[in-house]
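Results of the structural survey
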Amino acid sequence: MKVSITVAAGALAVNLTSAFAFSQQDPHVGLSNPVPGATKLAPNFVFVITDDQDLQLNSTAYTPLIQKHLGEKGTVFKNHFVTTALCCPSRVALWTGRQPHNTNVTDVSPPYGGYPKFIERGFNSNFLPVWLQQSGYNTYYTGKLFNGHTVLNYNNPFVAGFTGSDFLLDPFTYSYLNPTFQHNHDLPVSFAGQHTTDVTTEKALGFLNDAIAAKKPFFLTVAPIAPHADIESGSGAFTEPIPLDRHKDLFPDAQVPRTEHFNPDEPSGVSWIRNLPKQDNATIEYNDHFYRQRLRSLQGVDELVDNLVTRLEDAGLIDNTYIIYTSDNGYHIGQHRLPPGKTCGFEEDIRVPLFIRGPGVPAGREAEAVTTHIDLAPTIFDLAGIPLRDDFDGTPLPVVKNSKDVRHEHVTVEYWGYGLGEGIKSAVGPGNIPIFLNNTYKSVRLLGEGYNFYYSIWCNNEHEFYDLNEDPYQSDNLYPSTGEATDPELLDHPRSHVISRLDALLLVLKSCKGVTCIKPWDVLHPEGSVKGLRDALHSVYDEFYTAQPKVAYNRCEGGYIIDAEGPQNPLTYRHGLSWDLWT
């Protein structure tokens, strides 16, 4: 590959010439099933997805323009979760509406993840923008798409499904002051010396202008990298984000919330988390600085949203446009003694912001429904009037009245591979490195009437069980220790009975597909007698749940390898007998 570099107009243009030819196919060719009356009636969408933005650490309180435009004029989903607390697996799940065990894109780089894995799995012709184009939409994207989408492989093949695109490319994706973008089928261009958020904003507004001028329904995604850590090409080090100059001195007194699980005196969690040392004062001071830099970096995103809303208002389109704002995963800093990062199943990592504004969306509402990222593609289909796909693992959110949503009380959380600390004080793993091996686990997060549980099995077969109504910071693991004789009550039942139901539910969810991900209790009770945990706790089912195979791993792996994942198939209730005894 031959690389030539030229400097022009204050930006460094990087021209990459390769043997790969690219297609000039018109993205409008071959559209099928256009939305009836699309030019007048079909809604538009603007989707903003940030990178590593927390909810539990209160980042949204520092974005007043987002609160004004989306919180006050739309709905905030208070119980919105990701399925995997890592960038690429979470984004692929979002854009396909499928659990990561069904996409099998489970990491940020090959062999288990990244853009090459997305291509290998056939999703370049089978994800949301492609489906929207087939339904008559113009589609646009700027910012980060996936990890492993690089200056070397961007055209092998080009990303499909977009009328216009301008992607950030590795290894410059997370360089705040040295980003490289790649427009449509053009060569990559470096914007050295320019701040990534300002460049992303300019490109987003340009695509919005294109979309408005085309006079067709449109779907525009804007994906700034804030508040992700800064990573400079060639270093690989995760350092604090770099805000725009105009925001660099804001929030001088902000610090990580000092909740009871912040740098606790006693360790918590299981596996490698339980072995983390207590943080010293210098580490805490640095982590507070890291936290402030995250808040400052989000100010450019706050302004970006304000600019998008203003342009929609000026064009007279605000009342026919859904604006969706979320993040690919959450973030922790100091909770459970953790260095800055994600990859865990704790609330800080799996709960993320979700704001939705648009036609028919109640203003100023806080929705309590349990929702996940795999629900977002079905939601967009529902709002656009497109029939739902059978291979969706999610269901539409209750955004407007009369939506086709089927509510559920569960979230499937899954992770494979290693944990990673970020920031200059994160080298606290074995060998004084920021990497924590065997971070593979399966979890179910369950919120229902009177209960609020998190149940998890790690690949070393350690268990976690938290009652978040009593223990919101997940400090007291209720899973019984070996030899423990007591069996205290939960929900007026022995704790062991609650655990047996949660384990069976997770056994279904860890390999579910389609409707079984939405209605997992129907797999266990196809006669329809059980719709939630309380139903399942009836004493008539005690022996059935005791006999269930238990969730367990055969070994730890870095990706989704089925023969490492233990039992796959639950027993099915038929008046106390499993289905195989009836056939």
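Residues numbered from 1 in each chain as written. Predicted model: local features only at pLDDT ≥ 70, side-chain atom pairs only at ≥ 80, totals over all residues. Heavy atoms only, no water.

**Quick notes on the overall build of the protein**
- A tally of helices and strands in the protein yields 14 helices and 20 strands.
- On C-alpha atoms alone, the protein measures out to a radius of gyration of 24 Å, which is about the 25 Å that the 2.2 N^0.38 rule sets for 583 residues.
- Along the longest, intermediate and shortest principal axes, the C-alpha atoms of the protein span 75 × 60 × 50 Å.
- Out of the 583 residues belonging to the protein, those deemed buried represent 58%.
- Accessible surface, the protein: about 22000 Å² in total, of which carbon and sulfur atoms supply 52%.
- If the 44 positive side-chain charges of the protein are averaged to one point and the 67 negative ones to another, these points end up 5 Å apart. (Helix = DSSP H or I, 4+ residues; strand = E, 2+ residues; numbered from the N terminus. Rg over C-alpha atoms; globule rule 2.2 N^0.38 Å. Buried < 20%, exposed > 50% of the residue type's maximum accessible area, 1.4 Å probe, protein only. Areas by Shrake-Rupley, 256 points an atom, 1.4 Å probe, with all protein chains shown as cover. Lys, Arg positive; Asp, Glu negative; His and termini not counted. Charge placed at Lys NZ, Arg CZ, Asp CG, Glu CD.)

**Some words on the sheet that holds strand β7 (residues 180-183)**
- Read across the sheet, 10 strands follow the order β8-β7-β6-β5-β9-β3-β10-β11-β4-β12 without closing on themselves; strand pairing throughout is mixed. Because the sheet does not close on itself, it has two edges, and the strands there are β8 (189-190) and β12 (365-372).
- Both strand β4 (residues 75-81) and β12 contribute to a ladder of six bridges, which runs parallel. By the bridge assignment for β12, F81 is matched with T372.
- The strands touched by helix α2 (residues 87-96) within the sheet are β3 (44-50), β5 (138-143) and β9 (218-223), with β3 carrying the most contacts at an inclination of about 165°.
- Each of β3, β9, β10 (321-327) and β11 (354-357) is contacted by helix α7 (residues 281-314), which is oriented at about 170° to β10, the strand it contacts most. (Pairing = 2+ DSSP bridges. Contact = heavy atoms within 4.5 Å. Axes fitted to C-alpha atoms, helices over the stretch in contact; angles between N-to-C directions.)

**Quick notes on the state of the cysteines**
- Taken as a whole, this structure holds two disulfides when the rule is applied.
- At a sulfur-sulfur separation of 2.0 Å, the disulfide partner of C459 is C556. Around the S-S axis, the bridge from C459 to C556 shows a dihedral of about 90° and counts as right-handed. Here the residue C459 occupies a position in the loop between β17 (451-458) and β18 (463-467), and C556 occupies one in the segment after α14 (542-547), the gap between them amounting to 97 residues.
- Of the residues examined, C459 reaches a relative accessible area of 4% and is grouped as buried.
- Along the protein, the cysteines engaged in disulfide bonds are linked according to the scheme 1-4, 2-3 when indexed in sequence order.
- No disulfide involves C87; its sulfur sits 8.2 Å from the nearest other cysteine sulfur, which is in C88.
- The exposure class of C87 is buried, given its relative accessible area of 2%.
- Left without a disulfide partner, C344 is nearest to the cysteine sulfur of C459, which lies 13 Å away. (Disulfide = S-S within 2.5 Å.)

**Remarks on the environment of L298**
- Take L298: it is sitting in helix α7.
- By relative accessible area, L298 is classed as buried at 2%.
- Separated by 238 residues in sequence, L298 and T60 have C-alpha atoms that sit 9.1 Å apart.
- Leave out the neighbours within four places in its chain, and L298 touches Q53, S59, T63, A226, P227 and Y325.

**Section: the environment of T326**
- Mapped onto the elements, T326 comes out in strand β10.
- For T326, a relative accessible area of 0% corresponds to the buried category.
- For the pair formed by T326 and P353, sequence separation is 27 residues and the distance between their alpha carbons is 5.2 Å.
- Setting aside residues no more than four positions away along its own chain, T326 makes contact with F47, V48, I49, T50, H80, V352, P353, L354, H373 and L376.

**Examining helix α10 (residues 495-509)**
- The terminal C-alpha atoms of α10, which comprises 15 residues, lie 21 Å apart, in line with the 21 Å expected from a rise of 1.5 Å per residue.
- Here α10 lies mainly inside the structure; 13 of its 15 residues are buried. (Expected span 1.5 Å × (residues − 1).)

**Overview of helix α6 (residues 196-214)**
- When the terminal C-alpha atoms of α6 are compared, their 27 Å separation across 19 residues agrees well with the 27 Å that a helix rising 1.5 Å per residue should span.
- T196, T197, V199, T200, T201, K203, A204, F207, L208, A211 and I212 are the residues of α6 that are buried.
- Looking at the packing, one finds that the buried side of α6 touches β5, β6 (164-168), β7, β9 and α7.

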